[in-house]
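Breakdown of the fold
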Amino acid sequence: MSAATALTSGLSNSLSRTKLIRGVCAFALGLGIGWLGWGADERIWHLGVLIALPICWGLTTTRASGWALCLGYFMAGTRGLPAGAVAFFGESSPSWWGIAMWLSASLLLTVPFCLFWSRDLTRRAWGFLAALSVTSLSPLGIIGWVSPITVAGVLFPGAAWLGLLGCLVLFFFLVTRNYRVWAFGLILAVGANFAAKDLERSAPSGWSGRDTYFAGMWSGGSNQASQLLASMERTQWLAAMIEQIGPGQTVVLPETLLGRWDGVIEGMLTDAEKSLKSKGSIVLVGAEVANGNGGYKNALIALGAREGEPRHAVQSLPVPISMWKPWADDGADADFRGLGNTISVGQYTVGASICYEQLVLFSVLRLMLDAPDVIAAVSNVWWASESNIPQIQHQSIGAFARLFNIPVLFASNT
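Just so it is clear, the structure is predicted and the values come from calculations on it, not from any experiment.

What follows is about the nonpolar core. Within soluble globular proteins, side chains that are nonpolar tend to cluster in buried spots. Of all hydrophobic cores here, the largest spans 97 residues; its most connected members are Trp57, Tyr73, Phe113, Phe128, Phe171, Phe400 and Phe404. Ignoring any residue separated from it by four or fewer positions in sequence, one finds Phe171 in contact with Pro54, Phe128, Leu129, Leu132, Pro148, Ile149 and Val151. The next biggest cluster of nonpolar side chains, apart from the first, holds 22 residues, and it includes Ala239, Ile242, Trp261 and Leu269.

This is how it looks when you write it as structure tokens:
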């Protein structure tokens, strides 16, 4: 081997090692951002670290390192998925199912970032925004967890759609390393947070959300004998609780609590509903409403609603595969347009954000188009108690509620 050949080979090996090291470093940075930002607890302030993602994206030097950065971010942000999926799908699912779902979702969400990466810094910035858009909208947006755009609720509270636009503009200049715009954006963010203290809306007087602690409360399974018995027991508990509710109250309770809404359950609550109407109170509680085709709608039922008043709000995006089954007739209905996810309670419009759709950006933004007066964020997450999924739900819907200055009432079955 000649000296020139040896030198060329040595340089090639050195460059390969350099690229590998950069890729590993980018992956580690993504892991750190995702881990620190999402799921440590329910507070939204941790999301502030997400502004580091576009900065690091602008610093990547190869397509591979840009992809590695985003892969680390999505894997860390959704790290609760393996354990949560195994518990959710039950013992019938294989042990590797949760890990496979986690890796598949993370890899799919990184594809647009890989495709839109560019050596040109300005094109890379546009590519970052394009990748955010693709991962936020259907069809890929169906699994669009932990979107970096959620940080808009931390930066620009109360600014609504203008704040969302401002966040995207800031992302662009964070990628291009325009330090003047960085400084200007941070000043605006500080000003918006100071102003938010005086503008923040609270829930209407007499409104509250209540958690419950029923184990094994399965969605989509209340028509089975064991689940039917359990739902009847929960209905009896609810009827007793309603007797304790004062006049003029509106109480939000978790997803699925009543199980399948049918003549039996409705009959058991006849006296309780009469009591609510006499007191002018409302209970919004999760139930499954038959669609007439063998499937159901995952909904919030308004107990105490008077004749002619809206009866329920419907989940627009149930959990894919386990609840939403486009190939089967017995699954939950999905409506990406979200035409039925609000309900009027007195003078207020309530936007229902039911469990899985709290995690998905396009579902949350679709709800914001309806400009609800109150958000009822309900979930049934007893199966995810050992994961960070409940915390991510609170962060996600909490950040957007803050961005649009809408009070949110949480009610979870844990």
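Moving on, there is more to tell.
On to the packing of aromatic side chains, then. Evaluation of the coordinates by the stated rule reveals 14 aromatic pairs. Residues Trp57 and Phe113 carry aromatic rings whose centres are separated by 5.8 Å and whose planes lie at 75° to one another, so their mutual orientation is edge-to-face. Residue Trp57 is located in helix α2 (residues 52-59), and its partner Phe113 is located in helix α5 (residues 97-115); the two are separated by 56 residues in the primary sequence. Each member of the pair, Trp57 together with Phe113, is buried. Here the aromatic rings of Phe214 and Trp237 are separated by 5.4 Å at their centres, their planes lie at 85°, and the arrangement is edge-to-face. A residue pair is termed long-range when its members are at least 10 positions apart, and Phe214 in the loop between β1 (207-209) and α10 (225-244) and Trp237 in helix α10 qualify at 23 residues. In this structure, Arg79 packs its charged tip against the face of Trp35, placed 4.1 Å from the ring centre.

Turning our attention to the pattern of salt bridges. The final tally for this structure, using the stated rule, is 6 salt bridges. A salt bridge links Asp41 to Arg43, with the nearest nitrogen and oxygen atoms 2.7 Å apart. By relative accessible area, which is 21% here, Asp41 ends up partly exposed. One salt bridge in this structure joins Arg260 and Glu288, with 3.4 Å as the shortest N-O distance. Separated by 28 residues along the polypeptide, Arg260 in strand β3 (residues 260-261) and Glu288 in strand β4 (residues 282-290) bring together distant segments of the chain. Across this residue pair, the class does not change: Arg260 and Glu288 are buried.

Analysis parameters
- All residue numbers here refer to positions counted from 1 along the written sequence of the relevant chain.
- In keeping with the predicted nature of the model, local features appear solely for residues at pLDDT of at least 70, side-chain atom pairs appear and are counted solely at 80 or more, and the whole-chain, interface and lining totals rest on all residues.
- Remark: hydrogens and water are excluded; side-chain values derive from all non-hydrogen atoms of the structure.
- The term nonpolar core refers to a set of buried residues drawn from Ala, Val, Leu, Ile, Met, Phe, Trp, Tyr and Cys, joined through side-chain atoms within 4.5 Å.
- Buried residues are those whose accessible area, probed at 1.4 Å on protein chains only, stays under 20% of the maximum for their type, while exposed residues exceed 50% and partly exposed ones sit between those limits.
- Residue contacts are defined here by distance: any two heavy atoms, one from each residue, within 4.5 Å place the two residues in contact.
- Two aromatic rings, drawn from Phe, Tyr or Trp (for Trp, its six-membered ring), form a pair once their centres lie within 6.5 Å of each other, and the interplanar angle then sorts them: stacked below 30 degrees, edge-to-face above 60, tilted otherwise.
- By definition, any uninterrupted DSSP run of H or I lasting at least four residues is a helix, any uninterrupted run of E lasting at least two residues is a strand, and each is numbered from the N terminus.
- A ring is considered to have a charge above it if a Lys NZ or an Arg CZ atom is located within 6 Å of its centre and within 35 degrees of its normal.
- A side-chain nitrogen of Lys or Arg and a carboxyl oxygen of Asp or Glu constitute a salt bridge if their distance falls within 4 Å.

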